[in-house]
Amino acid sequence: MRFYRSLYWRIAFGVVAFLAAMLIVQAMLFVWAVSQSGRSLQGQSPGRLAVSVAQEVAGLLERDPTADVAQFVKEQYAQFEHPFFVMMADGRVITNGYGSFPEPMLRMARARLERGETGRIRPEGFRRPEGPMPPDDPGRPPRGGGPFRGGADRFEPRPWPILVNGKLAGVVVVPPQAPFGFLLWRYAPMLSLVAIGVLGVGAVLTSAMIFGPPRRRLRELEQAARQLGSGDLSARAPQRGGDEIAAVATAFNSMADDLAARAKALAEADRMRRQLLADVSHELNTPVTAMRGYLETLTMPELAIDEPTRERYLGIIGDETARVERLIGDLMELARLEGGGGSLRNEPVSVGHLFARVAARHERACADAGVTLTTNIADGADTLIGDQDRLEQALQNLAANAIRYAPPGTAVNVTARPHGDRIMLSVEDAGPGISDTHLPHIFDRFYKADASRPFDRAGGHAFTGGSGLGLSIVKAIVERHGGTISVRSQPGCTVFDISLPRAGGATAAS
């Protein structure tokens, strides 16, 4: 990037240009004020200057009548910050550096020379309506504020005679105020040096103190943006300070955090997708392999298979086919629930009716397992909001798992109790429990915690049936209702808790 396109350079140029403009304006105002006040002379008034110049020029001519008056005035009075001119008797006009004077002043000087008077006049050239000038101080300013205050005491320039041996050799005229152009020309070198020095120091201090810190912080922000763009999601900009740059850095870091979270979520989603494909392939491969094996056996012409064996093989093929159908159905249902597909009926649901259907559905399974299923509904927990069919599906799944792992002679307790503005549904069994290692993953797809439940009624081993999607479906149903599900487990007690909105509370998701 070219330097003149830099924001710092543009701001710095603007600041320096503004500073230069202010210095120029201040210098012009200073010169104008000096020209208007008549204070360009130090220690003496215009009248005193006229007397001094006239006396010195007269002394020069008395000593050397052929002396160069112009050279003398230039050498002696060129540094004076107040213009004047000397008009000699031969008509020459000599100045101390100022180019021209108003024509009325020049005519006044010529008229004085033409009169040829040599009498004494007031050195200050004041026009006073009353009151004599003290004789011992001919150059003293009159009372009333001085020659530059206006009014009756205003100074009027009058030619002061240059007398050489009693003869009028010329006159000296000093204007009451120094012209603006003259003062500007006089002060220009000094004011230029001061302005250059101030601008130089101001530019250095501005760059070091004003633009330096923001430039460094913006460079850090730029570097963080480049790192983030190159794929470094850990890049962050410094947020020190409470100014606009800090606000931009905060917004940048917030964006970076969001991008990092999204990238992490995408990576996790990709991992879960790959894991899901692997799990589905594994779950489908097992029944498909079994069916293919039995079908190949049944189709072997050289193998004699009796009728009972053939029926048993066909039964196994039918069971595996049903297993594949259930797996595909569970996957489709889980995809619909998690993807927001379908709709839920949000209506009051009787908890007693819900529990009665669950008990009736598992009456035969409880009898076969030697397990008792009990229900209990506390006061205030008799009605909740949701889809009755889906809620019954979730409870049926939890009850089936509890019955599957409950030891004979124990009970599976299904309870409902109020919990703030919600209703807590619990399914409790007295099985071997779930180990802490498997507990965080119990609701994951295809996750089977068989190793953590070693009990089996038949042979003392963990139950290995099921697709591993049941609890995932339960969790999806509960979350679609705006609820939550959790599990507590220890040896001899496992409890699944479902928190749902009660009637009159928050509505379920649709």
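Residues numbered from 1 in each chain as written. Predicted model: local features only at pLDDT ≥ 70, side-chain atom pairs only at ≥ 80, totals over all residues. Heavy atoms only, no water.

**Q** I would appreciate a short explanation of the overall build of the protein chain in the present structure.
**A** Broken down by element type, the protein chain carries 11 helices and 11 strands. In the protein chain, which comprises 510 residues, the proportion classed as buried is 37%. Residue pairs in contact within the protein chain that sit at least 24 positions apart in sequence constitute 68% of those at least 6 positions apart. When the accessible surface of the protein chain is totalled, it reaches about 28,500 Å², and 56% of it is carbon and sulfur. (Helix = DSSP H or I, 4+ residues; strand = E, 2+ residues; numbered from the N terminus. Buried < 20%, exposed > 50% of the residue type's maximum accessible area, 1.4 Å probe, protein only. Contact = heavy atoms within 4.5 Å. Areas by Shrake-Rupley, 256 points an atom, 1.4 Å probe, with all protein chains shown as cover.)

**Q** In this structure, what is going on with the packing of aromatic side chains? I would like to understand it.
**A** Aromatic rings in a pair are described by how distant their centres are and how their planes are angled relative to each other. On inspection of all chains with the given rule, the structure shows five aromatic pairs. Taking 5.4 Å as the distance between ring centres and 85 degrees as the angle between the ring planes, the aromatic pair formed by Tyr-77 and Phe-84 counts as edge-to-face. Tyr-77 sits in the buried class, given a relative accessible area of 4%. Under the relative-accessibility criterion, Phe-84 is labelled buried at 0%. Judged by centre distance (4.9 Å) and plane angle (55 degrees), the ring pair of Phe-85 and Phe-101 falls under tilted. In this pair, Phe-85 sits in strand E1 (residues 85-88) while Phe-101 sits in the loop between strand E2 (93-95) and helix H4 (103-115), placing the two residues 16 residues apart along the sequence. Across this residue pair, the class does not change: Phe-85 and Phe-101 are buried. One aromatic cluster in this structure is built from Phe-72, Tyr-77 and Phe-84. (Phe/Tyr/Trp six-rings, centres within 6.5 Å; stacked < 30°, edge-to-face > 60°.)

**Q** What am I meant to see in helix H2 (residues 46-63) here?
**A** Every α-helix carries 3.6 residues per turn, so stepping three or four residues along brings you back to the same face. Given a rise of 1.5 Å per residue, 18 residues ought to cover 26 Å, and the 26 Å separating the end C-alpha atoms of H2 matches this to within 8%. Taken together, the buried positions of H2 are occupied by Pro-46, Gly-47, Leu-49, Ala-50, Val-51, Val-53, Ala-54, Val-57, Ala-58, Gly-59, Leu-60 and Leu-61. Along its buried surface, H2 packs onto helix H3 (69-77), E1, strand E3 (160-164) and strand E4 (167-173). (Expected span 1.5 Å × (residues − 1).)

**Q** What is the right way to look at the pattern of salt bridges in this model?
**A** Pairing is possible between side chains that carry opposite charge, provided their charged atoms lie close to one another. Scanning all chains against the criterion turns up 10 salt bridges. Put simply, Glu-103 and Arg-110 hold a salt bridge, and the shortest N to O gap is 3.3 Å. For Glu-103, a relative accessible area of 38% puts it in the partly exposed group. Since its relative accessible area comes to 36%, Arg-110 is described here as partly exposed. The partner of Asp-257 in a salt bridge is Arg-236, with the nearest N and O atoms 2.7 Å apart. Linking Asp-257 in helix H6 (residues 244-298) with Arg-236 in the loop between helix H5 (180-229) and H6, this pair joins segments that are 21 residues apart in sequence. For Arg-236, a relative accessible area of 33% translates into the label partly exposed. (Salt bridge = Lys/Arg side-chain N within 4 Å of Asp/Glu carboxyl O.)

**Q** Help me understand the packing of helix H10 (residues 388-405) against helix H11 (residues 470-480) in this model?
**A** The description of two packed helices rests on the angle between their axes and on the distance between the axes. Where H10 contacts H11, the two axes come as close as 9 Å, and the packing angle between them is 145 degrees. Between H10 and H11 lies a crossing whose hand is left-handed. Between H10 and H11, the contacting residues are Arg-390, Leu-391, Gln-393, Ala-394, Asn-397, Leu-398 and Asn-401 on the first element and Gly-470, Leu-471, Ile-473, Val-474 and Ile-477 on the second. (Axes fitted to C-alpha atoms, helices over the stretch in contact; angles between N-to-C directions. Left-handed = near helix turned anticlockwise from the far one by under 90°.)

**Q** Looking at this structure, I do not really get the confidence of the model for the protein chain. What am I missing?
**A** The predicted coordinates should not be examined in detail at positions where pLDDT is low. Mean pLDDT over the protein chain: 76, with 75% of residues reaching 70 or higher. Overall, residues 451-465 carries pLDDT values under 50, and its contacts beyond four positions in sequence, including any with other chains, amount to 43 contacts. In the model, residues 506-510 has pLDDT below 50 throughout and makes 14 contacts with residues more than four positions away in sequence or in other chains. (pLDDT = per-residue confidence, 0-100.)

**Q** Help me understand the sheet that holds E4 in this model?
**A** Strand-to-strand pairing in sheets goes through backbone hydrogen bonds, with the strands running parallel or antiparallel. Strand order in this open sheet of four strands is E2-E1-E4-E3, and the pairing throughout is antiparallel. Every other strand in the sheet has two partners, leaving E2 and E3 as the edge strands with one partner each. Strand-to-strand, the axes of this sheet are offset by a mean angle of 25 degrees, without reference to chain direction. Here E1 runs beside E4; their pairing, made up of four bridges, is antiparallel. Bridging from a neighbouring strand, Phe-85 pairs with Val-173 of E4. Contacting E1, E3 and E4, H2 crosses the sheet at an angle of about 20 degrees to E3. (Pairing = 2+ DSSP bridges.)

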